[in-house]
Amino acid sequence: QTQTELIDKLVYHEKIQRLKQCLISPEAVKDGFISQKPQYDQVVFQHIRLSSKNEAQRFYRQLTEETEPESVPGSMALLAKRHSLGPEKDYGGWTGPVALASLHPTLSQQLMTASEKVVNPPLNINDEITVISRLAKFFPAELSPVLEAKLQNELFEHWLEQKCLLAEPRLIVSEPSHNDLNQ
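Our subject in this report is the structure included herewith. (Residues numbered from 1 in each chain as written. Predicted model: local features only at pLDDT ≥ 70, side-chain atom pairs only at ≥ 80, totals over all residues. Heavy atoms only, no water.)

## Quick word on the overall build of the protein chain
A count of helices and strands for the protein chain gives 7 helices and 4 strands. Taken across its 183 residues, the protein chain has 30% of its residues classed as buried. By element, 54% of the accessible surface of the protein chain is carried by carbon and sulfur atoms, the whole surface being about 12700 Å². (Helix = DSSP H or I, 4+ residues; strand = E, 2+ residues; numbered from the N terminus. Buried < 20%, exposed > 50% of the residue type's maximum accessible area, 1.4 Å probe, protein only. Areas by Shrake-Rupley, 256 points an atom, 1.4 Å probe, with all protein chains shown as cover.)

## Quick word on the nonpolar core
With 13 residues, the main nonpolar core has V43, F45, L103, L107, L111 and I125 as its most contacted residues. Elements with a minimum of two residues in this core: strand 1 (42–50), helix 5 (105–113) and strand 4 (130–139). Beyond its immediate stretch of four places on either side in the chain, V43 contacts T95, G96, P97, V98, L100, L103, L111, L135, K137 and F138. (Core = buried A, V, L, I, M, F, W, Y, C linked by side-chain atoms within 4.5 Å. Contact = heavy atoms within 4.5 Å.)

## Some remarks on the packing of helix 1 (residues 3–23) against helix 6 (residues 145–166)
Closest axis-to-axis distance for the helix 1/helix 6 pair is 10 Å, and the angle between their directions is 85 degrees. For the element pair helix 1 / helix 6, the angle class is roughly perpendicular. Counting all contacts with helix 1, which are made through I16, L19, K20, Q21 and L23, the residues of helix 6 involved are Q152, N153, F156 and W159. Considered class by class, the residues forming the contact of helix 1 with helix 6 number 5 nonpolar, 3 polar and 1 charged. (Axes fitted to C-alpha atoms, helices over the stretch in contact; angles between N-to-C directions. Parallel < 35°, antiparallel > 145°, perpendicular 65-115°, else oblique. Nonpolar A, V, L, I, M, F, W, Y, C, P; charged D, E, K, R; others polar.)

Quick look at the structure:
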C-alpha cells in the first residue's frame, strides 16, 4: 500500500466513526445494552450431564444431603468426573466464565435465577439429557467501552441495512457510444 492509500483508508474510517456518532446516540446504545443485558451476563458453574433421570435424582439427593456445604464442590467434581457425559467431565464439571446466552435456554434460565453455591434440582434438557447444576458465580454485564463500541456498530449496521432495504434500486441505462459498438 502506498502512503496515499493508507491515508485514504484512515480518513474513510474516521468519517464512518463520525457518522456512527452522529446517528447512534449514547442513549440508544444504553437502551440496546439494557434490552440485551441478559445476553452478556456470564456465569461460572458446575454441572453433571446424565442420560438417566433416576441417576440424576439419586445424585441430586446425595449432593443436597451433604452435611458439610463446603464439601459439595468436591463431591460434585468427583461425580462429574465419573459420570458426566460431556467435556466438563475432564474439569470436574466446571464451566466458565461463559455467557448465559451461549447455554441451552432452559439451563440459562435456571442459572439466571439460581442462588450461588446451591445445587439446583435436576433439569431435563431433552429426552436424553438431564443436568444437575450449581452456580458458583454470577457476573452481571457492564457497559464497558469495548461493549459500547460493539453495540454502536450493531446499531449502525442495522441502520445501514434498513437504509439499503428502503432504497429504491435504480437502473441507469445509457445509450451505447459509437466506440462501444465497434469493440
